Structure formats: C-alpha cells, structure tokens
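Each chain is listed here by its residues.
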Amino acid sequence: MTEDEARQQLVDGMRALDARGLNRGTSGNLSVRFASGMFVTPSGVTPDRLTSDLMVFVDSDGSVAPGAARPSSEWQMHMGIYQRRADVNAVVHCHARHSTILACAHREIPPLHYMVAVSGGASVPVAPYATFGSEELAEGVVRTLDGRLACLMANHGLIALGPNMPMAMAIAEEIEEQAAVYCGTLAIGGPKLLGDDEMARILKAFGRYGQRLND
Ligand SMILES: [Zn+2]
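Residues numbered from 1 in each chain as written. Predicted model: local features only at pLDDT ≥ 70, side-chain atom pairs only at ≥ 80, totals over all residues.

S.K.: Just checking my understanding: could you explain the overall build of the protein chain for this structure?
M.R.: The helix and strand tally for the protein chain stands at 6 helices and 7 strands. The secondary structure elements of the protein chain, listed N-terminal to C-terminal, are α-β-β-β-α-β-α-β-α-β-β-α-α. Its C-alpha atoms give the protein chain a radius of gyration of 17 Å, within 12% of the compact-globule value 17 Å for 215 residues. Structurally, the protein chain occupies a C-alpha span of about 55 × 30 × 30 Å along its principal axes. Sorting the 215 residues of the protein chain into buried and exposed places 41% on the buried side. (Helix = DSSP H or I, 4+ residues; strand = E, 2+ residues; numbered from the N terminus. Rg over C-alpha atoms; globule rule 2.2 N^0.38 Å. Buried ≥ 20, exposed ≤ 12 C-beta atoms within 10 Å, placed from the backbone.)

What follows is the structure, encoded as structure tokens:
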C-alpha cells in the first residue's frame, strides 16, 4: 500500500461510517498500519471536511511530523493495538448507537447469533471504562480484546480490527447489527443463546470465512 492509498482509505472509511449510520460528527477514528507506525484520522474534523492530506502519520515512538494535523485523541489506543497484534493492519473505532447503548450498560454481546463470531470470539466483551484518549483506556482495550477482532468500550463505543480496512469496517458493521439485534431481543424477554459447542464449530468455520472475505 502506498502512502496515498493509506491516506485515501481513511478518508473513504470515515465517510463510509457516516453514510452507513455507524458514526456521527467528529466522533470515531480510523487507522491503518504504515511503515514503522500508522496513519490515523485527525482530531476534530467532520467527515465532509476530511481530505487525504489531513491524515496524520504517527511513528512507533508517538512522534508526528512538524506541521501535521493533530492526530485523533485515541491514537495511543490504535498504536497499542499495532504494537501487540501482528495480525492487525487496520482499526475502526466508532460510537455506533446500539453498541454504545450496550457499552453504557456494561453488557457484553452474548452468543445469540452465529454472526457474533466475526468478532473472533463467542461473545463481544466490554473493555473497562477509562477517560477517552487516556493510556489507561488504550491498555484496557488491548487487554480485553485478547486476540479478538472486536470489543465494546464501557460508556463509550465500539472498536473493530482487521487485517485490512475493508475487513475491519465489515466487522464493525456486523457487530453493530448484532448489538441492535441483542437490544431488540431484550425487549421481548431476552435471547435464547447458542451453546459453547455450536459457537466453537462456528468459530472454526469462520476461520475460512475470514480468509475468503480477505481475498
Ligand atoms: Zn470514541
């Protein structure tokens, strides 16, 4: 991937989040791994005003080129993931409504539907609350992910990872859908959950599914 492609992926990704109703205004941020660091979306720019030259390269030591825009306040969370997850090349963070509703109630998404397994686990856990942009939040999210591709963030939102941006976006969109389905089932007495054995079978099958999506 060239630098221009990396920058453009972030512009397209932020607009796609907005267009799909997964995010609003200046909340949410995206990154892609690049060279020894990452490109991340800038802080406080609405999707309609984003241009590729505003995307910020942050090196592994946290340094930013002089004159660059201010990186997203959550850049440490993105960097912490790249430094501890060799399988991840793209990160999507957004405040999608149903995911955020569950996150505010500190309720994980249980194994209510086979598509929950796109998260890489039988359920989607909730990372502990910490102030936005803090190192504590970054550490809690990395710890909660524990090899998965998605988790909720208490009183905050959703984070999804992938080997590339299209996969990370698809996972974010699917987890938001599962969050919406779960909220719906809670209104009619709660879901009947799939068993551990069935989720293990689905996760095994999704290893191949993930590969295909990635092709
Ligand atoms: Zn956020």
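S.K.: What should I look at first to understand the confidence of the model for the protein chain in this one?
M.R.: Reading fine detail from the predicted coordinates is not recommended where pLDDT is low. Overall, the predicted model of the protein chain reaches an average pLDDT of 94, with 96% of residues at or above 70. In the predicted structure, residues 211-215 sits below a pLDDT of 50 and forms 5 contacts with residues beyond four places in sequence or in another chain. (pLDDT = per-residue confidence, 0-100. Contact = placed C-beta atoms within 7 Å.)

S.K.: In this structure, what is going on with the environment of Pro-110? I would like to understand it.
M.R.: In this fold, Pro-110 is placed in the loop between α3 (97-104) and β5 (126-127). The exposure class assigned to Pro-110 is partly exposed, which follows from the 18 C-beta atoms found within 10 Å. Each C-alpha atom, one on Pro-110 and one on Asn-155, is 18 Å from the other, the two residues being 45 residues apart in sequence. If sequence neighbours within four positions are ignored, Pro-110 has contacts with Ser-123, Pro-191 and Leu-193.

S.K.: Would you take a moment to explain the nonpolar core for this structure?
M.R.: Soluble globular proteins tend to bury their nonpolar side chains together. Formed by 58 residues in total, the largest nonpolar core has its most connected members in Cys-151, Leu-158, Ala-160, Ala-168 and Ala-172. The leading source of residues in this core is helix α5 (residues 165-186), at 9 residues. Apart from the residues within four sequence positions on either side, Leu-158 is in contact with Cys-94, Ala-96, Ser-99, Ala-150, Leu-152, Met-153, Ala-172, Ile-175 and Glu-176. (Core = buried A, V, L, I, M, F, W, Y, C linked by C-beta atoms within 7 Å.)

S.K.: Explain the packing of α3 against α5 here, please?
M.R.: Helix-helix packing: each pair is described by the crossing angle between the helix axes and the interaxial distance. Contact geometry for α3 and α5: axes closest at 7 Å, N-to-C directions at 60 degrees. With respect to their mutual orientation, α3 and α5 come out oblique. Pair α3 / α5 crosses with left-handed handedness. Every residue of α5 that contacts α3 at His-98, Ser-99, Ile-101 and Leu-102 is listed here: Ile-175, Glu-176, Ala-179, Ala-180, Tyr-182 and Cys-183. (Axes fitted to C-alpha atoms, helices over the stretch in contact; angles between N-to-C directions. Parallel < 35°, antiparallel > 145°, perpendicular 65-115°, else oblique. Left-handed = near helix turned anticlockwise from the far one by under 90°.)

S.K.: Would you mind showing me how to read the environment of Met-55 here?
M.R.: By the element assignment, Met-55 lies in the loop between β2 (37-40) and β3 (56-58). Taking C-alpha positions, Met-55 is 33 Å from Ala-105, a pair spaced 50 residues apart along the chain. Ignoring any residue separated from it by four or fewer positions in sequence, one finds Met-55 in contact with Arg-7, Leu-10, Phe-39, Thr-41 and Pro-42.

S.K.: Looking at this model, I keep getting lost on the pairing of strand β6 (residues 150-153). Mind explaining?
M.R.: Each regular strand shows side chains that alternate between the opposite faces of the sheet. Burial of the side chains of β6 extends over both faces: Ala-150 and Leu-152 are buried on one face and Cys-151 and Met-153 on the other. In this structure, β5 lies alongside β6, joined through 2 bridges in parallel fashion. Each residue of the ladder has a partner; that of Ala-127, found in β6, is Met-153. Note that the unit made of β5, helix α4 (residues 135-145) and β6 has a crossover that is right-handed. Taken together, the 4 bridges between β6 and strand β7 (residues 157-162) define a ladder with antiparallel strand orientation. (Pairing = 2+ DSSP bridges. Right-handed = clockwise from strand over helix to strand, strands pointing away.)

S.K.: I keep staring at α5 and nothing clicks. Help me out?
M.R.: In an α-helix, one turn spans 3.6 residues; hence positions three or four apart end up facing the same way. Compared with an ideal rise of 1.5 Å per residue, which puts 22 residues at 32 Å, α5 spans 32 Å between its outermost C-alpha atoms and is within 8% of the ideal. Taken together, the buried positions of α5 are Met-165, Met-167, Ala-168, Met-169, Ile-171, Ala-172, Ile-175, Glu-176, Gln-178, Ala-179 and Tyr-182. (Expected span 1.5 Å × (residues − 1).)

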